[in-house]
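# Reading the structure
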Amino acid sequence: MYDDDNIFAKILRGEIPCKKVYEDSHVLAFDDINPQAPVHTLVIPKGKYVSMQDFAEKASEAEITALTRAVGKVAEIKGIKDSGFRILANAGGDAHQEVPHLHIHVFGGRPLGPMLVRK
Ligand code: 5GP
């Protein structure tokens, strides 16, 4: 079930501020409040989707296209399309998803190291 009180729902409703990077009718992108790289931007659908799993099952083709294209636009706006970047979307408990509204992290601006911490 989607929680209308999650922090990104509040950002989408304009109830709390964000540093906007890009917006269109289906997508909002804004800088992460606690950046883990020189560029750390979150790309979210405006629709009420908990996770990538939920989005993959229920989103329209227009929403899926818009989210994908927005990642490319963010890379261009942030000046990391040529230097390289990493995208990541945590889903559920094992991935430690904190905010239950689908968000794609876009990291860049420095060498990003290994993909996962090794145990
Ligand atoms: P997750 O662990 O769910 O993949 O990532 C949640 C992300 O949301 C974290 O990187 C965290 O810093 C970010 N975040 C949490 N609350 C806020 C907020 O109020 N504003 C912004 N811009 N980012 C937030």
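The preceding data block contains the structure.
Below, the structure is looked at part by part. Quantities reported herein were computed from a predicted structural model and do not represent experimental measurements.

This next bit is on the site of the ligand. In the vicinity of the ligand there are 17 residues, among which Asp-32, Asn-90, Glu-98, His-103 and His-105 approach most closely. The backbone of Ile-33 places a nitrogen or oxygen atom 3.3 Å from a nitrogen atom of the ligand. Within the backbone of Glu-98, one N or O atom sits 2.6 Å away from an oxygen atom of the ligand. The pocket occupied by the ligand, as judged from atoms lying within 2 Å of grid points, is the largest pocket.

In this structure, Val-27, Ala-29, Val-43, Phe-55, Leu-67, Val-74 and Val-106 are the most contacted members of the largest nonpolar core, which totals 19 residues. At the level of elements, strand 1 (20-23), strand 2 (27-31), strand 3 (39-45), helix 3 (61-77) and strand 5 (104-108) are the ones that each hand at least two residues to this core. Per-element accounting of this core gives the leading share, 6 residues, to helix 3.

Thresholds applied
Residues numbered from 1 in each chain as written. Predicted model: local features only at pLDDT ≥ 70, side-chain atom pairs only at ≥ 80, totals over all residues. Heavy atoms only, no water. Near = heavy atom within 4 Å. Polar contact = N/O pair within 3.5 Å; in protein donor to acceptor, adjacent residues only side chain to side chain. 1 Å grid on protein atoms, 1.4 Å probe; cavity = no way out; pocket = protein on both sides within 12 Å on 5 of 7 lines; lining within 4 Å. Sits in = over half its atoms within 2 Å of the grid points. Core = buried A, V, L, I, M, F, W, Y, C linked by side-chain atoms within 4.5 Å. Buried < 20%, exposed > 50% of the residue type's maximum accessible area, 1.4 Å probe, protein only. Helix = DSSP H or I, 4+ residues; strand = E, 2+ residues; numbered from the N terminus.

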